[in-house]
Amino acid sequence: MTTRYFPLALCITLLSFTLVGCDLTSDDDTPPELIPEAAFTLQTDLFQNDGNKTETRAHFTAGALRVWPVSTIISVHLITPVAVTVAALQDDQPEFRNGVWEWSTSTIINGQDVEFTLRGDPEGSRVDWSMFITASNLLGVTYDEFELYTAQTDVSAQTGSWQLFYRLNGTRTNVLNADFAINGDNAKEITYSIPSAQPHGGTAVTYETDGDDRSFFWDQVTEGFLHDVAWDAATQAGSITATNYNGGEQGCWDENLDDVDC
C-alpha cells in the first residue's frame, strides 16, 4: 500500500518535474495526454448489497455502512465529469488554438444532450485544464459554457489535482476537490476532499488500489472520527478500524464476509 501522506508526495512529484526543465512540454504537433477516467473514479461495489448484512457479518456491515454511503455521494458528484471526460478521450482530433489544445464534442447524460469543450494549456512541465459544458436541462439546471472543472497535471496526466464545480442556487460553487496519482493499470491513489467553505469542509476520503488490494480511508473531520476499511477485490476478505466502532480495535471478515479473528 502507498502512504497516506499523498498531498506531500504529490508536491514532491510535481517539483521533480519542474526541476527537469521544459523538455517535456507539448508542442503544436503533439497534444498533451488527457486526464484518464481513473483520476475520477472509485470502485466499492462489494459494499452495495444489503443482503450481505447479517449478524455474523458485523465487521463487514460496519465497513459497508461507512464505505457505501460516502462513495455513493462522491460518485453522484462525478457522473457528469466522468461522462464528459470519457467522451473527450474518444476524440482523437483536438484543435490547437492560440497555444491551447481543445477537445469539443457532445455526449448524453441522464437523457440530456451535453456539449462540452475540454481545454488543455501546456505550461512547461505541467498542463492546466478546463472543462466547459453546455446543457439546457442537466438534472434541472441550465449550463451555458459553464466551467465544470479545472485541473492541473504533469504532461503524462498520471499525477495531478482537480476542482469540481456545479451551479448551486445560481452560483458557481466548488463542491469537491481531489489529488490523484495513477501508478500503472492496477495501482492508483485518489484523495477526495470537501472544500473548506462547504458543510463538513476538510473532510477527506483517500481511496487506494494496489493490484487486488483496496483501501478506503475516511477522515471525518467535523466529528473527529477516522475510518479505515481495507479489502481484497479477488477474495472479498477485509477489515475495518474505526474510531467509533469495536472500541477502535480492528475487526476482520473472511471471503464469505463472516467475522473472523484478525
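Predicted model only: the values in this text are computed from it and were never measured.

J.: Would you take a moment to explain the packing of aromatic side chains for this structure?
T.: How two aromatic rings sit relative to each other is set out by the distance from centre to centre and by the angle between their planes. According to the stated counting rule, one finds 10 aromatic pairs in the structure shown. Centroid distance Phe40 to Tyr149: 5.3 Å. Interplanar angle 50°. Geometry classified as tilted. Note that Phe40 is positioned in the loop between α1 (6–20) and α2 (58–89) and Tyr149 in strand β5 (residues 141–154), a separation of 109 residues in sequence. Ring centres of Trp162 and Tyr192 lie 6.2 Å apart, and the angle between their planes is 65°; on these two criteria the pair is classed as edge-to-face. Taken together, the residues Trp162 in strand β6 (residues 159–168) and Tyr192 in strand β8 (residues 187–193) connect sequence positions 30 residues apart. The same class applies to Trp162 and to Tyr192, which are both buried. Every member of this aromatic cluster is reached through a ring pair, and the members are Phe40, Tyr149, Trp162 and Tyr192. Directly above the aromatic system of Phe132 lies the positively charged group of Arg119, at a separation of 4.7 Å from the ring centroid. When the ring centre of Phe165 is taken as origin, the NZ or CZ atom of Arg172, which lies over that ring, is 3.6 Å away.

J.: I would appreciate a short explanation of the pairing of strand β12 (residues 238–242) in the present structure.
T.: On a regular strand, each side chain points to the face opposite its neighbour's, so the side chains alternate between the two faces of the sheet. Counted residue by residue, β12 has four buried out of five residues, so it is predominantly covered. Both strand β11 (residues 225–232) and β12 contribute to a ladder of five bridges, which runs antiparallel. Note on β12: the bridge partner recorded for Trp231 is Gly238. Linking two consecutive strands that pair antiparallel, namely β11 and β12, is a turn of five residues; a positive phi of about 80° is found at Gln236 within it. One ladder, built from three bridges, connects β12 with strand β13 (residues 251–253); its direction is antiparallel. The partner of Gly238 across the bridge, within β13, is Trp253.

J.: Would you mind going over the state of the cysteines with me for this structure?
T.: A complete count under the given rule lists one disulfide for this structure. The disulfide partner of Cys252 is Cys262, and the gap between their sulfur atoms is 2.0 Å. For the disulfide bridge between Cys252 and Cys262, the dihedral angle about the S-S bond is near 115°, and by the sign convention the bridge is right-handed. Taken together, the positions of Cys252 in strand β13 and Cys262 in the segment after β14 (259–260) put the pair 10 residues apart, joining distant regions of the chain.

J.: Mind showing me how you'd approach the pairing of strand β7 (residues 171–182) here?
T.: Burial runs high along β7: nine of the 12 residues are buried. Where β6 lies against β7, 10 bridges are found, and the strand directions are antiparallel. Across the sheet, residue Gln163 finds its bridge partner in β7, namely Asn177. If you look at the hairpin formed by β6 and β7, you'll find two residues sitting between the two strands, and Asn169 has a positive phi there, around 55°. Sheet topology note: the β7/β8 ladder contains six bridges and is antiparallel. Residue pairing for β8: Phe180 is matched across the bridge by Ile190. Count of turn residues in the β7/β8 antiparallel hairpin: four residues, of which Gly184 carries a positive phi of about 90°.

Rules and cut-offs
Going along each chain's sequence as written, the residues are numbered from 1 onward. Predicted model: local features are reported for residues with pLDDT of at least 70 only, side-chain atom pairs are reported and counted for 80 or more only, and whole-chain, interface and lining totals are derived from all residues. Here the side-chain values reflect all heavy atoms present in the structure, with hydrogen atoms and water set aside. Paired rings are identified among Phe, Tyr and Trp, the last through its six-membered ring, by centres lying within 6.5 Å, and are further divided according to the angle between planes into stacked (under 30 degrees), edge-to-face (over 60) and tilted (the rest). A helix here means a DSSP run of H or I that spans at least four residues, while a strand means a run of E at least two residues long, and both kinds are numbered starting from the N terminus. Three exposure classes are used, based on accessible area relative to the maximum for each residue type with a 1.4 Å probe and protein chains only: buried under 20%, partly exposed in between, and exposed over 50%. Counted as over-ring charges are cases with an Arg CZ or a Lys NZ within 6 Å of the ring centre that also lie within 35 degrees of the ring normal. Strands qualify as paired when DSSP identifies two bridges or more between them. Put simply, a disulfide is two cysteine sulfurs that come within 2.5 Å.

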